[in-house]
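# Fold and contact review
Chain by chain, the residues run as shown.
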Number of protein chains: 2
Amino acid sequence: MRTLSEEAELYIERWNASVGDLSGDCPVRGVLDKISDKWSMLLVMTLASGPKRFNQIRREVPDISQKMLTQTLRDLQRDGMVSRQVFDTKPPSVEYRLTPLGASIIVPFGHLIAWASENHSHIDEARLEFDGQAAA
Amino acid sequence: MRTLSEEAELYIERWNASVGDLSGDCPVRGVLDKISDKWSMLLVMTLASGPKRFNQIRREVPDISQKMLTQTLRDLQRDGMVSRQVFDTKPPSVEYRLTPLGASIIVPFGHLIAWASENHSHIDEARLEFDGQAAA
DNA sequence: CGGCATCCGCTTGGATACTG
DNA sequence: CAGTATCCAAGCGGATGCCG
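Keep in mind that this is a model prediction, so the values were computed, not measured.

### Details of the UniProt feature "domain: HTH hxlR-type" (unreviewed entry) in chain A
The sites that carry the UniProt feature "domain: HTH hxlR-type" (unreviewed entry) are, in the present numbering, residues 26-124 of chain A. This span, residues 26-124 of chain A, is 64% helix and 14% strand, and a straight line between its end C-alpha atoms measures 33 Å.

Spelled out as structure tokens, the structure:
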């Protein structure tokens, strides 16, 4: 091995040190499963620009169902990533905002988003080529 | 808002600039969906430490089924993240390795893993507290 | 060894209707 | 407005058996 950057090597080492046997109950796997959730990170990024109310989030993320929005917000609250504040007005309003923990994931997640926007064109190209060869 | 770091602010800005209306066909969403795949990132990290053969990967990731391993490897190959090399021995052997594109995701993904190992204890605590209050 | 094909259970998640 | 409750379809993914 090879042509990887030193930074990458470092992460690989840490990974190997932290995961042990990669069995399902390794704590990092647990967090990764959360991150893999279809909507979690999208909601975190939506709340990153400020606290928002339920239907306001819904409008900003058009293709989430109300059920999934409720459920994902509750999960994020359970994990201490989002706090929920109810205002006793009528009609009642509920505001969601990132906790410090929730806000702290923005940076590492931002790296991934940066990677995605830099490389999605490469992925598209690779996919076209792959599908072209499969058809031939 | 406001106790976020400047780096976080930068990512939030970029996010807002890049996603437009967050509709399902935004390219960043597309890449994020791939990353959200249950096994993709696990396999990338497994291959990060060097090229490996099919059953070797299976042994290192004990709880993936053969079907999902085949399928995920093919998807990664399609996306240009992994290359597949067949050796014409008997019995035949097949080696998978990261492409430069696949290797390039290790660094941003490493940031997320670092966050996970630093914060999973906070998440566990938050979860215990939340569940305790729910029971009360 | 490294797959592919089939079957099938179970979860995920959407649509709809109702509540405080 | 901000949910809860119920029903139901689609697909993810496991188990098994077969092939080159």
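### Description of the interface of chain B and chain A
Quoted interface sizes are often the accessible area lost when the parts come together. Of the residues lining the interface, 63 residues belong to chain B; the matching set on chain A comes to 64 residues. Summed over the three residues of chain B that lose the most area to chain A, namely Arg78(B), Leu112(B) and Trp115(B), the buried surface amounts to 12% of that side. The interface formed by chain B and chain A holds 5 salt bridges in total. Measuring nitrogen to oxygen at the nearest pair gives 3.1 Å for the salt bridge that ties Arg29(B) to Asp63(A). Summed over the shared surface of chain B and chain A, the result is 14 residue pairs in polar contact (both at pLDDT 80 or more). The set of elements that each furnish at least two residues to the side of chain B that touches chain A consists of helix 1 (6-19), helix 2 (27-35), helix 3 (40-48), helix 5 (66-78), helix 6 (100-104) and helix 7 (106-135) of chain B. Residue composition of the side of chain B that touches chain A, grouped by class: 34 nonpolar, 16 polar and 13 charged.

### Concerning the sheet that holds strand 3 (residues 93-98) of chain B
All names here are of chain B. The 3 strands are arranged 1-3-2 in an open sheet whose pairing can be described as antiparallel. Here the strands that pair on one side only, and so sit at the sheet edges, are strand 1 (52-53) and strand 2 (82-87). Examined bridge by bridge, strand 2 and strand 3 share 6 bridges and lie antiparallel to one another. Bridge assignment links Phe87 to a residue of strand 3, and that residue is Ser93. Running over the sheet, helix 3 touches strand 1, strand 2 and strand 3 and is turned about 95 degrees from strand 3.

### A word on the protein's contact with DNA strand C
Not every one of the 18 residues close to DNA strand C is listed here, only the nearest: Lys67(A), Gln66(B), Thr70(B), Arg84(B) and Tyr96(B). In the interface set of DNA strand C, defined as its atoms within 4 Å of the protein, sugar plus phosphate atoms amount to 57%. Within the side chain of Asn55(B), a nitrogen or oxygen atom sits 2.9 Å from a phosphate oxygen of DNA strand C. The contact in question runs from a phosphate oxygen of DNA strand C to an N or O atom on the side chain of Tyr96(B), over 2.5 Å. Of all the secondary-structure elements, those providing two or more residues to the surface near DNA strand C are helix 5 (66-78) of chain A together with helix 4 (54-60), helix 5 and strand 3 of chain B. If you tally residues by element for the surface near DNA strand C, the top one is helix 5 of chain B, at 4 residues. Taken together, the residues of the surface near DNA strand C break down into 7 nonpolar, 5 polar and 6 charged.

### Examining the sheet that holds strand 2 (residues 82-87) of chain A
Residues and elements named next belong to chain A. Pairing within the open sheet is antiparallel, and its 3 strands lie in the order 1-3-2. Each edge of the sheet is formed by a strand with only one pairing partner; in this case those strands are strand 1 (52-53) and strand 2. Each of strand 1, strand 2 and strand 3 (93-98) is contacted by helix 3 (residues 40-48), which is oriented at about 95 degrees to strand 3, the strand it contacts most.

### Considerations on the pairing of strand 3 of chain A
Residue and element names in this part refer to chain A. Counting buried residues in strand 3 gives 5 out of 6 residues, a clear majority hidden from the surface. As judged from the 2 bridges shared by strand 1 and strand 3, these two strands associate in the antiparallel manner. Looking at the pairing, Lys52 lines up with Tyr96 of strand 3. In textbook terms, the turn of a hairpin is the stretch between consecutive antiparallel strands, and for strand 2 and strand 3 this stretch comprises 5 residues.

### Section: the relation of the copies chain B and chain A
Superposing chain B onto chain A takes a rotation of 180 degrees combined with a translation of 0.0 Å along the rotation axis, leaving an RMSD of 0.1 Å. Taken together, the rotation and translation relating the two chain copies correspond to the operation of a two-fold axis. It is Ser36(B) whose C-alpha, among those of chain B, lies nearest the rotation axis, at 2.0 Å. Most of the interface of chain B is mirrored in chain A, where 100% of its interface residues are also at the interface.

Calculation rules
- Residues numbered from 1 in each chain as written.
- Chains lettered and ligands numbered in written order.
- Predicted model: local features only at pLDDT ≥ 70, side-chain atom pairs only at ≥ 80, totals over all residues.
- Heavy atoms only, no water.
- UniProt positions renumbered as here; feature names shortened; annotations may be inferred.
- Helix = DSSP H or I, 4+ residues; strand = E, 2+ residues; numbered from the N terminus.
- Contact = heavy atoms within 4.5 Å.
- Buried area = accessible area lost by both parts, 1.4 Å probe.
- Salt bridge = Lys/Arg side-chain N within 4 Å of Asp/Glu carboxyl O.
- Polar contact = N/O pair within 3.5 Å; in protein donor to acceptor, adjacent residues only side chain to side chain.
- Nonpolar A, V, L, I, M, F, W, Y, C, P; charged D, E, K, R; others polar.
- Pairing = 2+ DSSP bridges.
- Axes fitted to C-alpha atoms, helices over the stretch in contact; angles between N-to-C directions.
- Near = heavy atom within 4 Å.
- Buried < 20%, exposed > 50% of the residue type's maximum accessible area, 1.4 Å probe, protein only.
- Least-squares fit on C-alpha atoms with pLDDT ≥ 70 in both.

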